[in-house]
Amino acid sequence: MQNSSPEWPAPAMGSNVVVWPPWPSQWLEEDRLEALVLLASEYQPWVCSVVAAIAVGLAGVVPLLFLPTDHQAKTSSGGLSVLPLLLSFAVGGLLGDVFLHLLPEAWSMALEGGAGTHEAFTQVGLCVLAGIFVFIVVEMLASHDSSSTALNNNNNTKGGSGDGRKEVTGYLNLVANGIDNFTHGLAVAGSFMVSYKTGLLTTAAILIHEVPHEIGDFAILLKSGFSRWEATKAQFYTATVGLVGALVTLFLGSTEILGGVQVYILGFTAGGFLNIALVTVLPDLLQEDRPAQSCAQLLCLLFGTLTMATVALTC
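What comes next concerns the included structure. (Residues numbered from 1 in each chain as written. Predicted model: local features only at pLDDT ≥ 70, side-chain atom pairs only at ≥ 80, totals over all residues. Heavy atoms only, no water.)

What follows concerns the side chain of Ser224. One can find Ser224 in the loop between α6 (196–223) and α7 (228–252). Within the structure, Ser224 has its side chain in polar contact with the backbone nitrogen of Gly170 (distance 3.1 Å). In this structure the side chain of Ser224 is engaged in a polar contact, spanning 2.8 Å, whose partner is the backbone oxygen of Ile220. (Helix = DSSP H or I, 4+ residues; strand = E, 2+ residues; numbered from the N terminus. Polar contact = N/O pair within 3.5 Å; in protein donor to acceptor, adjacent residues only side chain to side chain.)

Quick look at α7 now. Here α7 is 25 residues long and its end C-alpha atoms lie 37 Å apart, about the 36 Å a rise of 1.5 Å per residue gives. The complete set of buried residues in α7 reads Ala231, Thr232, Ala234, Gln235, Thr238, Ala239, Gly242, Gly245, Ala246, Thr249 and Leu250. (Expected span 1.5 Å × (residues − 1). Buried < 20%, exposed > 50% of the residue type's maximum accessible area, 1.4 Å probe, protein only.)

Take the pattern of salt bridges next. Per the stated rule, a full pass over the model turns up two salt bridges. Among the ionic pairs, Lys223 bridges to Asp284, the shortest N-O distance being 3.4 Å. Of the two residues, Lys223 is situated in helix α6 and Asp284 in helix α8 (residues 256–286); the sequence distance between them amounts to 61 residues. (Salt bridge = Lys/Arg side-chain N within 4 Å of Asp/Glu carboxyl O.)

Quantified by volume, the largest pocket comes out at close to 650 Å³. Forming the walls of the largest pocket are 33 residues, and the residues nearest its centre are His101, Glu105, Met109, Ala187 and Leu266. Secondary-structure elements contributing two or more residues to the lining of the largest pocket are α3 (82–112), α5 (157–194), α6, α8 and α9 (291–314). Of the residues contributing to the lining of the largest pocket, the split by class is 16 nonpolar, 14 polar and three charged. (1 Å grid on protein atoms, 1.4 Å probe; cavity = no way out; pocket = protein on both sides within 12 Å on 5 of 7 lines; lining within 4 Å. Points joined across faces, edges and corners; volume = space filled by probe spheres on them. Nonpolar A, V, L, I, M, F, W, Y, C, P; charged D, E, K, R; others polar.)

With that settled, the discussion passes to the nonpolar core. Counting 45 residues, the largest nonpolar core has Leu87, Val91, Val98, Val128, Ile220, Ile276 and Val281 as the members making the most contacts within it. Of all elements in the fold, only α3, α4 (117–152), α5, α6, α7 and α8 reach the threshold of two or more residues within this core. Those residues within four positions of Val91 in sequence are excluded, and the remaining contacts are Ala277, Val281, Leu282, Leu285 and Leu301. Formed by six residues, the second largest nonpolar core is a distinct cluster that contains Cys48, Ala52, Val56 and Ile206. (Core = buried A, V, L, I, M, F, W, Y, C linked by side-chain atoms within 4.5 Å. Contact = heavy atoms within 4.5 Å.)

Written as structure tokens, this is what we have:
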């Protein structure tokens, strides 16, 4: 039986270099080669968008490289508590993310959508207030439910309420982070649909922005009672939401359809982050009575904000 597989070209005279695999044009018909090139160019945005969305989602694992194994430990100098310092960095990072990234982007999208200046600011402001109030209501309901459960189990009411409050804080942060990742997925896929270079630049900018943000998110999850492994799994779950956002854009074939919706999503997410930073995390930090620890927490808060400001100005 004759072998129908293509024959590899023989090496040139006097050369030991064997070309393998052969250039497709040597064993494919010209029309088939053109079809393959067309197919590759058509599906390039899909492949690149999915890979980029996964890479952005994996940024949630980066905090494992920076955070100490025992987050309840103290620093080697001064006996400062590590977790409050990380939470202070998280507060600064969230505030910087809201005022230097989410809100400017939401206002820009509203203005590009044809809204007037006052109308755009009002739309985004209402979404921010909605995010704040929704997160407050959810936290109040969860705390009340936890208190009722503690009473039924003959536990201490105050202790049960505190534990429930911390737990719901972590889940609320995951919800806000998932929504934020969804918008990142939309942006990544939309940029790759424009061009390969635009997609790479957008992905790089989001990754630079996400790393300090994810460190703060990880600290909030640890404060809420999550173990390191539980926090890592939770970050993976929110990463899949970013992949969903990328797939939504790819299936719709355009980001213009989602342009108006993104304004409300960004505003609502900003409100959720403000609630977590100022209502949930910051009050506990303000109860610190050690001057050295308080000063260190203030410096970490400023450093978190400065980090996000640097990212916003350079990307």
